[in-house]
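# Structural features, examined
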Amino acid sequence: MKTTLRTDITVGDICKGFVYNTYEGKGLFGLSGKLTIQPEYQRNYIYADGKKDVAVIESLLKGYPLGLIYFTKVAEDKYEVLDGQQRITSFGRFVTDKFAIKDSDGTEQYFRGLAEDKKQKILDAVLTIYICEGKESEIKEWFETINIVGVPLNQQELLNAIYSGTFVTKAKEEFSNSQNANIQKWSAYISGSVNRQDYLHTALHWVSKGNISGYMSQHRYDDNITELKTYFNSVIDWVSSVFLDVDSSMVGLEWGRLYEEYHGKAYNPQEVSEKVQTYLEDTYVSNRGIYEYILGGCTEHKLLNIRIFDDAIKKRVYTKQTKEAESCAKSNCPLCAVGTDNNRTRIWKLNEMDADHVTAWSKGGATDISNCQMLCKTHNRAKGNR
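What comes next is a walk through the structure. (Residues numbered from 1 in each chain as written. Predicted model: local features only at pLDDT ≥ 70, side-chain atom pairs only at ≥ 80, totals over all residues. Heavy atoms only, no water.)

### Observations concerning the side chain of Thr10
Rules: Helix and strand labels come from DSSP, where a helix needs a run of H or I of at least four residues and a strand needs a run of E of at least two; each type is numbered from the N terminus. Only protein chains enter the area calculation, which uses a 1.4 Å probe; residues under 20% of their type maximum are buried, those over 50% are exposed, and those in between are partly exposed. Here, two residues are considered to be in contact whenever any of their heavy atoms come within 4.5 Å of each other.
Note that Thr10 resides in strand 1 (residues 2-10). By relative accessible area, Thr10 is classed as buried at 16%. Once you skip the residues sitting within four places of it in the chain, Thr10 turns out to touch Leu123, Asp124, Ala125, Val126 and Leu127.

Encoded structure:
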């Protein structure tokens, strides 16, 4: 791969002809139309947080170096940004008054309101740019290697670069578009950021059963994403039809796997809703396994991760059992006391015993002091869920 150093391009040059769309993936251009700022393999713009974007402009005003920027030459006098997209987009957004910085007294200043000397200092700032020429595979490998210091590419952003093509372009338009009206609905079940490709990653993970790289390679040049959208919507529609109520505990669950395992079964949504509310309100159910627990017929009790009795209850029950046992010369383990071996009169220490539900939680027993007994560890383990 050939590289050429350019030190004659300024921020002002880059910002000439800058075109900014709400959804950046449809095209960001600069350098009088000669530069594509966000090629399809690039991540979405993530600096718009009032900190990183502002820091870029403040660095220009202070004369701080902004680091190397890499372009790829795609045709005669036509370029794409390989690395530096976040900084360049910040230049253009500021110059076109998309965000403000604060001056020394805290007053917000947009570009149009800056003093002329400050405007000129920004526009005249010289950038250090390397122009890269070579085969696509070489450029993509270089892109993956250099990454972006401070905000590394995540797995899906790298995969988008490696398998760039019509499929990625269309998939990003659907799943990486923060203006998509479906995002609010999806966010009830999917965690992460649209701009960081998390929704696209989830959709691909579901349809590919975890083999995202293989799926993207196979469909790289497809001119539609019908299969991806259909499968994704099937999962979302199934979840929302089975579980009528939306709760924050549903976000980020393995809905793709659950869909594969359970979508063939019939459920009464109203009954499901009542069960969900019961378990959500149970203070002794400590994790989000209730959804899979209900889908599976309420048989895998370990999914609920039922909270155990706290130390205060254990000590109170131990003290009571031990006092009663000593008064009648029996073991303080109720099951040892009815046995025939030497342990029938043994007084166990607290650390030699476990708290047990007299009536198992799965059979309606509560996790409170009235349903607690202390058993020696051997008997507690043998008792199981009986």
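### Quick look at the sheet that holds strand 2 (residues 29-30)
As a reminder, the rule being used: For two strands to count as paired, DSSP must find a minimum of two bridges between them. With axes taken as lines fitted to C-alpha atoms, and helix axes fitted only over the stretch in contact, angles between N-to-C directions fall between 0 and 180 degrees.
One open sheet accounts for 6 strands, arranged 1-8-4-5-3-2; its pairing is mixed. Bordering the open sheet on either side are strand 1 and strand 2, each of which pairs with just one other strand. Two strands pair when backbone bridges link them, and strand 3 (residues 35-36) and strand 5 (residues 78-83) are joined in this way by 2 bridges, in the parallel orientation. By the bridge assignment, Thr36 is partnered in strand 5 with Glu80. The sheet strands contacting helix 3 (residues 85-95) are strand 4 (69-75), strand 5 and strand 8 (126-133), and the helix crosses strand 5 at an angle near 115°.

### Some remarks on unusual backbone geometry
The backbone phi angle of Leu31 is positive, close to 55°, even though this residue is not glycine. Checked against the element boundaries, Leu31 lands in the loop between strand 2 and strand 3. One non-glycine residue, Asp97, lies in the positive phi region at around 65°. Turning to its location among the elements, Asp97 is positioned in the loop between helix 3 and strand 6 (101-102). Residue classification places Asp97 among the partly exposed positions, given a relative accessible area of 24%.

### A closer look at the packing of helix 2 (residues 52-62) against helix 3
Worth spelling out the cut-off: Any angle between 65 and 115 degrees counts as roughly perpendicular, while under 35 counts as roughly parallel, over 145 as roughly antiparallel, and the rest as oblique. We call Asp, Glu, Lys and Arg charged. Ala, Val, Leu, Ile, Met, Phe, Trp, Tyr, Cys and Pro are nonpolar, and the rest, Gly among them, are polar.
One can describe the packing of helix 2 onto helix 3 by two numbers: an axis separation of 9 Å at closest approach and a directional angle of 80°. Considering their axes alone, helix 2 and helix 3 lie roughly perpendicular with respect to each other. Contacts from Asp53, Val56, Ile57 and Leu60 in helix 2 reach Arg87, Ser90, Phe91, Arg93 and Phe94 in helix 3. Partitioned by chemical class, the residues of the contact of helix 2 with helix 3 number 5 nonpolar, 1 polar and 3 charged.

### Section: the environment of Cys333
Relative to the elements of secondary structure, Cys333 occurs in the loop between helix 15 (311-327) and helix 16 (334-337). Each C-alpha atom of the pair Cys333 and Thr322 lies 8.4 Å from the other, and the pair is 11 residues apart in sequence. In this structure Cys333 touches Trp348, Met353, Met374, Leu375, Cys376 and His379, once residues within four positions along its chain are discounted.

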